[in-house]
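Next come the chains, spelled out residue by residue.
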Amino acid sequence: MLTIAQATYDAIVAHAKRDHPDEACGVVAGPEGSDRAERVVEMVNAAGSPTFYEFDSTELLELYKEMWDRDEEPVVIYHSHTATEAYPSRTDIGLASEPGAHYVLVSTREHGNNEGPVEFRSYRIVDGAVTEEEVAVVPSLD
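Numbering of residues starts from 1 in each chain and follows the order in which that chain's sequence is written. Since the coordinates come from a predicted model, pLDDT governs what is reported: local features require at least 70, and pairs of side-chain atoms require 80 or more to be given and counted, while whole-chain, interface and lining totals use all residues. To get the side-chain values, take all heavy atoms of the structure and skip hydrogens and water.

Draft legend 1. Local environment of the environment of Tyr-64. Looking at where Tyr-64 falls in the secondary structure, it is placed in helix α2 (residues 57–69). It is 8.6 Å that separates the C-alpha atoms of Tyr-64 and Pro-74, two residues lying 10 residues apart in sequence. Contacts: residue pairs with any heavy atoms within 4.5 Å of one another. Residues in contact with Tyr-64, not counting those within four places in the same chain, are Pro-74 and Glu-98. A polar side-chain atom of Tyr-64 sits 2.6 Å from a polar atom in the side chain of Glu-98. What counts as a helix is a DSSP run of H or I of at least four residues, what counts as a strand is a run of E of at least two, and both are numbered from the N terminus. Nitrogen and oxygen atoms within 3.5 Å of one another constitute a polar contact, given that in protein one can donate a hydrogen and the other can accept it, and given that sequence-neighbouring residues count only through two side-chain atoms.

Encoded structure:
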């Protein structure tokens, strides 16, 4: 199960809506080994595409250096789908390289960047196997 704070949920959803109609992407870092999604890091979709996301390699390297310096790891790796359901595509599954991470997908297909609910789902992706997990949004992680 993924447990995230309401503020983290809100930040991910806001990023997905703001970048619509292009896919948004980012990472939520947390202390190594804790499974605590604490620090939202919005990334640039280098592909600039409504159907594909790609982390900028330089930006991603800088993020990993920063996480190492802070004894953090990627707890959540998120991106949005703008025209399809919040389920990993074959490409998403192929790119999933962090077996310990929660892969969050947010679908903005129904309301785009307007007011209205989104589809927010989380998965574990290990060796190409996709397992959906429950998401608990709590007031805070404390």
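Draft legend 2. Up close: a negative patch on the surface. Residues qualify for a patch when their relative accessible area is over 30% and they have no salt bridge, like charges being joined within 9 Å and the nonpolar side chains of Val, Leu, Ile, Met, Phe, Trp and Tyr within 5 Å. Throughout, the Shrake-Rupley method with a 1.4 Å probe supplies accessible areas, and for residues the shown protein chains are the sole cover considered. Should a side-chain nitrogen of Lys or Arg be within 4 Å of a carboxyl oxygen of Asp or Glu, the pair is scored as a salt bridge. Within this scheme the basic residues Lys and Arg register as positive and the acidic residues Asp and Glu register as negative, but His and the chain ends are omitted. Taken as the charge location is NZ of Lys, CZ of Arg, CG of Asp or CD of Glu. A cluster of acidic residues, Glu-32, Asp-35, Asp-69, Asp-71 and Glu-73, forms a negative patch on the protein surface. Checked against the element boundaries, Glu-73 lands in strand β4 (residues 72–81).

Draft legend 3. The environment of Val-44, seen in detail. Structurally, the position occupied by Val-44 is in the loop between β3 (39–43) and α2. In this structure, the C-alpha to C-alpha distance between Val-44 and Met-1, residues 43 residues apart in sequence, is 27 Å. Other than its neighbours up to four places away in sequence, Val-44 contacts Cys-25, Glu-54, Phe-55, Asp-56 and Glu-59.

Draft legend 4. Local environment of the pairing of β4. Judged by how many residues are buried, β4 sits mostly within the fold: 9 of 10 residues are covered. As paired strands, strand β2 (residues 25–31) and β4 are joined by 7 bridges and run antiparallel to one another. Looking at the pairing, Gly-26 lines up with Tyr-78 of β4. One requirement defines pairing of two strands: DSSP has to find at least two bridges between them. Strand direction decides the pairing type here: β4 and strand β5 (residues 102–107), joined by 6 bridges, are parallel. The residue of β5 that forms the bridge with Ser-80 is Val-106. Crossovers are described as right-handed under a simple rule: with the strands pointing away from the observer, the path leading from the first strand over the helix to the second runs clockwise. Where the polypeptide runs from β4 across helix α3 (residues 90–95) and back to β5, its parallel neighbour, the crossover connection is right-handed. Type-normalised accessible area, obtained with a 1.4 Å probe on protein chains alone, sets the label of each residue: buried when under 20%, exposed when over 50%, and partly exposed for intermediate values.

Draft legend 5. Representation of the packing of aromatic side chains in the model. Two aromatic rings, drawn from Phe, Tyr or Trp (for Trp, its six-membered ring), form a pair once their centres lie within 6.5 Å of each other, and the interplanar angle then sorts them: stacked below 30 degrees, edge-to-face above 60, tilted otherwise. Per the stated rule, a full pass over the model turns up 4 aromatic pairs. Centroid distance Tyr-53 to Phe-55: 5.5 Å. Interplanar angle 80°. Geometry classified as edge-to-face. Of the residues examined, Phe-55 reaches a relative accessible area of 18% and is grouped as buried. Taking 5.3 Å as the distance between ring centres and 80° as the angle between the ring planes, the aromatic pair formed by Tyr-87 and Tyr-123 counts as edge-to-face. One end of the pair, Tyr-87, is in the loop between β4 and α3; the other, Tyr-123, is in strand β6 (residues 119–126), with 36 residues separating them in the sequence. When its relative accessible area of 0% is taken as the criterion, Tyr-123 is described as buried.

Draft legend 6. The arrangement of empty space enclosed by the protein in detail. Within this scheme a cavity is a closed region of a 1 Å grid, computed over the protein atoms alone, that accommodates a 1.4 Å probe without allowing it to escape, whereas a pocket is open but has protein on both sides within 12 Å along at least five of seven lines; lining residues each have an atom within 4 Å of a point. Grid points are joined across faces, edges and corners, and a volume is the space filled by probe spheres set on the points. Counted according to the given criterion, the structure contains 1 cavity of 30 Å³ or more. By volume, the largest cavity is sized at about 50 Å³. Lining the largest cavity are Tyr-53, Ile-77, Tyr-78, His-79, Pro-88, Asp-92, Tyr-103, Val-104, Leu-105 and Ile-125.

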